[in-house]
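# Secondary and tertiary structure notes
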Amino acid sequence: MRVETTETTGTPEASPQRGRDDDARRPAPVLQMRDAVKEYPGAPPVRALDGVDLDVVSGEMVAIVGPSGSGKSTLLHMIGALDRPTTGVVRVAGADLSRLNDRQLSALRARRLGFVFQRFHLLSGLSALDNVAAGLVYRGVPGSERRDRAANALARVGLAKRATHRPTELSGGEQQRVAIARAIVGGPAIVLADEPTGNLDTSTGREILDVFGALHDTGTTIVLITHDLTVAAHAPRVVALRDGRVDADTHREAA
Amino acid sequence: MSTLALAPTRLRPGDIVGQGFVGLRSKRLRTLLTAVGITIGIAAMVSVVGISTSSRADLLAELDALGTNLLEVQPQNNMFGDATELPVTAPDMIRRIPAVESAAATRTVEGVTVRRSNYIPTDESGGIAVLATEPNLLDTLDATLAHGTFLNAATGSYPSVVLGSVAAERLGITDLDGDPLVLVGGTWFKVIGILDPAPLAPDIDRSAMVGYDVGQELFGIDEAPSTVRVRTDPDETESVWSVLAETTNPASSSDVGVSRPSDALEAKAQADEALTALLLGLGAVALLVGGVGIANVMVISVLERRAEIGVRRALGATRRHIRLQFLVESMLLAGLGGVAGVALGAGITALYANSQGWMFSVPQAALLGGVAASLAVGALAGLYPAARASRLAPAEAVRAE
């Protein structure tokens, strides 16, 4: 099985530079949403997304912010290729989700997406290194190569010395760093973080946001989903969501 | 527009097994307790098969030692249902068959009992038969003496008696100290020998043997034998068997019955198989119950690990990968129980065989079959939980806590 994805301008990995909009080649959009609607069946049906238009280009760091019930979770599922829109178009890394079956969506997640969850969701039976390496398991990467790349990813989040520790032996902040390393180990087109600081105290949360900032500086595309405006303020671009629609989309000059 | 091919997800076989072990390792106590059910079932089945095989192997070894080349010739009722006799010439005729190594005739002495003293009524036999026998019975049976000597041409003419093992026990004679005497009919006989148990001739065990001459002289027995025991060349048993009736009584061979005592022992071993089958059935029930336990635990495990399933789906696992993961975990769980069960069953067999003085024997098929059966039970038990895990929508699973 092979998934055909169309690219408008090159591959996402091919254009890691950001902030070069004056360039003749605009960075490739890694996420395109056009009038995306998601309805959950019920009486009456719940319209969680009500016509969302959103573009994210490679190398961007975007915070999606909104109160609970604004459609954040549903948007996360769309961007994360965990679910398909009812109507409209969602393209992730060039692939139209509506045209993919479950196996193809899985392939897209395995090769183009990295997830960071609020509760870390590390596998308790595995060391930090093996947890990170698990991010490559579904690509069929051999074990030794997985561990090499996992060690590399752990070093990028500043946790090389904790590689052999089990999740229960790590602090919350350290566990979230392991989760971030797992998300980036495969070099994804988008890193998707769902309330990544929600379970951490303020100062640890700031450290985690700094990790994301550093990754952004090296060209990683990051979509941060949060209800917390102070968290959102760390991103150069903030998209506000309300009642399933994009309420505001503000680009700031990077600090 | 360029097109980019996105390779499908792929999970290495080694990783599938590895994941299963991780799943089991993170819940050690539960793994242990769940596997115990399978262990008990498999151990029960393996030990039942092992003990029955060891017992049979022992019996067959014993039969081999006793020899399957001993035949027994007896008269049988004729077509009118009347009792017949063997011809007086039968022993000599039989001895003339080339492949016959030896033949010994015995004659039951009817209406005569053996007693320790005068105070016991004459009609109280104690289940002991009196046999007049030729001296070569001992060699023909390949029997051995516990004490004393057997009858010979000389002692066979005097009131001497040799007791079978059971007969001696019933008479309370354990050895020849003090030259014990017994009353045979109305005459005191000297006990000159006591036999070891003779597995191929249980009737000899329960007999008191006297010489033919004495039998004729004191009890007036007929010379015609009631039984002729025939030891053949081991390779010629069948051919001797086929001519034995004809040789014994050329005039009326249908009055002659030929049997092989070792066949009866073998039949006894076969009869034990009914019990073995019953015990095997019980083991299978234990295995089934163990399988239900595994299914139960796996269903709970799927519910508990919704978050893990969500994470794995987010990392790119397909439904099939999730299904495989839980199926393999279930099989590993049962397989661990099965391996432990096979080891335990073999251990029980070894202990039991040792206590019985048997040689240890468990068929390889039982060992491999035990592990295979446990894996099959694990696969069956894991089917439903695995299907349930794979049906979980990824969006729903990642939200689970």
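Predicted, not measured: the structure shown is a model, and the values here were computed from it.

Rules used in this analysis
- Residues numbered from 1 in each chain as written.
- Chains lettered and ligands numbered in written order.
- Predicted model: local features only at pLDDT ≥ 70, side-chain atom pairs only at ≥ 80, totals over all residues.
- Helix = DSSP H or I, 4+ residues; strand = E, 2+ residues; numbered from the N terminus.
- Rg over C-alpha atoms; globule rule 2.2 N^0.38 Å.
- Buried ≥ 20, exposed ≤ 12 C-beta atoms within 10 Å, placed from the backbone.
- Contact = placed C-beta atoms within 7 Å.
- Pairing = 2+ DSSP bridges.
- Core = buried A, V, L, I, M, F, W, Y, C linked by C-beta atoms within 7 Å.

This brings us to the overall build of chain B. Along chain B, the regular secondary structure elements total 13 helices and 12 strands. Relative to the 2.2 N^0.38 estimate, which gives 21 Å for 401 residues, the radius of gyration of chain B is 35 Å and therefore markedly larger than a compact globule would have. Principal-axis analysis of the C-alpha atoms gives chain B an extent of 120 × 50 × 35 Å. Within chain B, buried positions represent 44% of all 401 residues. In chain B, the proportion of contacts linking residues at least 24 apart, taken out of those at least 6 apart, comes to 85%.

Below, the discussion takes up the sheet that holds strand S5 (residues 87–92) of chain A. Residue and element names in this part refer to chain A. What the 4 strands build is an open sheet, ordered S3-S2-S5-S6; its pairing is antiparallel. Of all strands in the sheet, those bounded by a partner on one side alone are strand S3 (46–57) and strand S6 (95–96). Of the pairings in the sheet, the one linking strand S2 (residues 29–40) to S3 comprises 9 bridges and is antiparallel in character. By the bridge assignment, proline 29 is partnered in S3 with valine 57.

As a further point, take the pairing of strand S11 (residues 227–232) of chain B. Residue and element names in this part refer to chain B. For S11, the buried fraction is high: 6 of the 6 residues fall into the buried class. Alternating positions in S11 separate into two faces, Thr227, Arg229 and Arg231 on one and Val228, Val230 and Thr232 on the other, with burial throughout. Of the pairings in the sheet, the one linking strand S2 (residues 70–75) to S11 comprises 4 bridges and is antiparallel in character. Considered in S11, the bridge of glutamate 72 is made with arginine 229.

Here the focus is unusual backbone geometry. Between alanine 43 of chain A and the following residue, proline 44 of chain A, the backbone shows a cis peptide bond with an omega angle of -5°. For proline 44 of chain A, the location among the structural elements is in the loop between S2 and S3. Its identity is not glycine, yet aspartate 243 of chain A carries a phi of approximately 50°, on the positive side. Mapped onto the elements, aspartate 243 of chain A comes out in the loop between strand S10 (237–242) and strand S11 (245–251). Residue aspartate 179 of chain B is not a glycine yet carries a positive backbone phi of 45°. Mapped onto the elements of the fold, aspartate 179 of chain B is located in the loop between helix H5 (165–171) and strand S8 (181–184).

Here we take up the nonpolar core. Counting 128 residues, the largest nonpolar core has Ile64, Val132, Ala181, Val223 and Leu224 of chain A as its most contacted members. Among residues more than four places away in sequence, those in contact with leucine 224 of chain A are Val62, Ala63, Ile64, Ala193, Phe212 and Ala235 of chain A. If you look at the next biggest cluster of nonpolar residues, it comprises 50 residues, including Val109, Leu151, Ala198 and Ile204 of chain B.

For the rest of this paragraph, the subject is the environment of proline 67 of chain A. Mapping proline 67 of chain A onto the fold places it in the loop between strand S4 (61–65) and helix H1 (72–79). In the structure, proline 67 of chain A is positioned 131 residues away from glycine 198 of chain A in sequence and 14 Å away in space, judged by C-alpha atoms.

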